[in-house]
Amino acid sequence: MPTLEVQACPACGHGNDADAVFCGRCVAPLRVRKLADLDADDLRLCAAALAEVLEPPTAPKGRDVEADAHTAELLDAYLNLYWLRPETALWQAIDARTVHRWRSEHVRAPVLDLGCGDGTHVATMFGTRFEDSFDVFAGLDLQGADIFDAYDRQEYRPAVARRGDSVACGVDIRPNMVRRAASLGVYEKLIVGDATRLSLPDASVSTVYSNVLRDLPDAGCEAALREVGRVLRPGGHLILPACTPAWRDSLYFYPRGRAEAEAGNVEASRRMAELDRGRSISFAQQISEQEWRRRLERFDLEIVAREHTHSRETTRFWDVGLRPFAVPLLRWVNGLDAHARLLIKRALVQTLKKPLARLLSVPPGADCPHVTYLVRKPSRV
Ligand SMILES: C[S@@+](CC[C@H](N)C(=O)[O-])C[C@H]1O[C@@H](n2cnc3c(N)ncnc32)[C@H](O)[C@@H]1O
């Protein structure tokens, strides 16, 4: 008899199988080691890993490669936001660079940001710049399974330095994310809702940006694609960041864990699997372009362009980054006064710029783990 046990998702209430690692509806972590539970040995391993991934073997040695001025400015803007997650800053800057290349020709208002999170990514992508006094790490839940699923109105104080384009609509399943996004003043409308059941009218948006579609399990991904096909106007576009089948093996911890298992080193393999913290499976769709084409065409959507985005080197860096150190780092900076915190933030941003720009200069290559598709809904004749 199969077991009927379920675990309710603490974020959205969905009933998941007892052994599910992530929620099947909102991708919240269920059986992933909390950051607060990483011990000193874990952090030692992560520090060694960090040193390794900051020195990518294919990066040109002995000279600094300048990123183009626009990408360097994007990296600055994202580092200013995600200063304690430089891996996220690098990742999002690369993503925004790709969207920028398509922007003038293909990105039209109204824009729907599907799975908008706290909204800072798309706000920055569309030109908003924040004061460095704004700290996205203020008021987090350090004991939480997802430390970002929190909102403290007193602590979380966005300050806009330059206003970019507004975004017509943001949708996210987590109320805390929508509260954070609302506080930016960038979205005209925000909805706490499920990507698989949108409350928007048919043919009501011209562009959908969504980096949650690749995260959803098959049934959710299919339902969300159906909704994207429904709400897009003919001639409109979906911007779809997606993993390739090379994803898992391009990470840092997952392939090491597998190699240790193959060598019979059970304990070392278990440790690597714990440090993977589900990232090898959290993007549920690690599929080929051909498979995306097959799924999209069912909803009258076709891929019209593709950019190889993240190299294996940026992916390995993303897998380690400062994320494992988030809890001790935040405990430390939370104890400082606002001025000292800001000085440390500025110093860290300055220090990180150069190694990150070097990672940016590694070309992704055709076998890269992550691509972004430009998907079109054909115009009716
Ligand atoms: C990978 S995060 C990206 C957030 C934001 N777009 C960014 O880049 O910073 C995915 C977001 O999608 C949201 N999400 C997950 N499942 C969802 C669903 N079924 N419907 C709507 N939003 C969902 C999560 O709450 C999370 O904020």
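Residues numbered from 1 in each chain as written. Predicted model: local features only at pLDDT ≥ 70, side-chain atom pairs only at ≥ 80, totals over all residues. Heavy atoms only, no water.

A. Representation of the domain arrangement of the protein chain in the model. For the protein chain, the assigned domains are domain 1 (1–31) and domain 2 (34–376). The gap between the C-alpha centroids of domain 1 and domain 2 is 23 Å. Of the residues lining the interface, nine residues belong to domain 1; the matching set on domain 2 comes to 14 residues. Buried surface at the junction of domain 1 and domain 2, both sides included, amounts to about 900 Å², of which 68% is carbon and sulfur. The largest per-residue losses of area from domain 1 upon contact with domain 2 belong to Phe22, Arg25 and Val27, which jointly make up 49% of the total buried on that side. Counting across the interface, domain 1 meets domain 2 through one salt bridge. The tally of links from domain 1 across to domain 2 stands at two residue pairs in polar contact (both at pLDDT 80 or more). (Domains from an automatic or database assignment. Contact = heavy atoms within 4.5 Å. Buried area = accessible area lost by both parts, 1.4 Å probe. Salt bridge = Lys/Arg side-chain N within 4 Å of Asp/Glu carboxyl O. Polar contact = N/O pair within 3.5 Å; in protein donor to acceptor, adjacent residues only side chain to side chain.)

B. Summary view of the packing of helix 6 (residues 218–231) against helix 11 (residues 289–297). Contact geometry of helix 6 with helix 11 gives a least axis separation of 9 Å together with a crossing angle of 55°. As the angle between them shows, helix 6 and helix 11 are arranged oblique. Facing helix 6, whose interface residues are Asp218, Cys221 and Leu225, helix 11 presents Trp292, Arg295 and Leu296. Looking at the contact of helix 6 with helix 11 residue by residue, the class counts come to four nonpolar, no polar and two charged. (Axes fitted to C-alpha atoms, helices over the stretch in contact; angles between N-to-C directions. Helix = DSSP H or I, 4+ residues; strand = E, 2+ residues; numbered from the N terminus. Parallel < 35°, antiparallel > 145°, perpendicular 65-115°, else oblique. Nonpolar A, V, L, I, M, F, W, Y, C, P; charged D, E, K, R; others polar.)

C. Seen up close, the site of the ligand. Around the ligand lies a shell of 18 residues, among which Arg25, Gly115, Asp172, Ala195 and Asn211 are the nearest. Ile173 places a main-chain nitrogen or oxygen 3.3 Å from a nitrogen atom of the ligand. Between an oxygen atom of the ligand and a side-chain N or O atom of Asn211, the distance comes to 2.8 Å. Broken down by class, the residue content of the shell around the ligand amounts to seven nonpolar, six polar and five charged. (Near = heavy atom within 4 Å.)

D. Representation of the sheet that holds strand 3 (residues 111–114). The strand order across the open sheet built from seven strands is 7-6-3-8-9-11-10, with neighbouring strands paired in mixed fashion. Edge positions in the open sheet fall to strand 7 (187–192) and strand 10 (302–310), since each of these has one partner strand only. For this sheet, the mean inter-axis angle between neighbouring strands, taken without regard to orientation, is 15°. Relative to strand 8 (residues 205–209), strand 3 runs parallel, the two being bridged by three bridges. Looking at the pairing, Asp113 lines up with Tyr209 of strand 8. Against the sheet, helix 3 (residues 86–106) engages strand 8, strand 9 (232–243), strand 10 and strand 11 (370–376), with an angle of about 145° to strand 10. Here helix 6 sits on the sheet in contact with strand 3, strand 8 and strand 9, set at roughly 150° to strand 9. (Pairing = 2+ DSSP bridges.)

E. Representation of empty space enclosed by the protein in the model. Overall, the coordinates contain two cavities of 30 Å³ or more when judged by the stated rule. Volume-wise, the second largest cavity comes out at about 60 Å³. Every residue lining the second largest cavity is listed: Leu35, Leu38, Cys46, Phe253, Leu275, Arg277, Arg279, Asp319, Val320, Arg323 and Pro324. Residues of the lining of the second largest cavity, tallied by class, amount to seven nonpolar, no polar and four charged. (1 Å grid on protein atoms, 1.4 Å probe; cavity = no way out; pocket = protein on both sides within 12 Å on 5 of 7 lines; lining within 4 Å. Points joined across faces, edges and corners; volume = space filled by probe spheres on them.)

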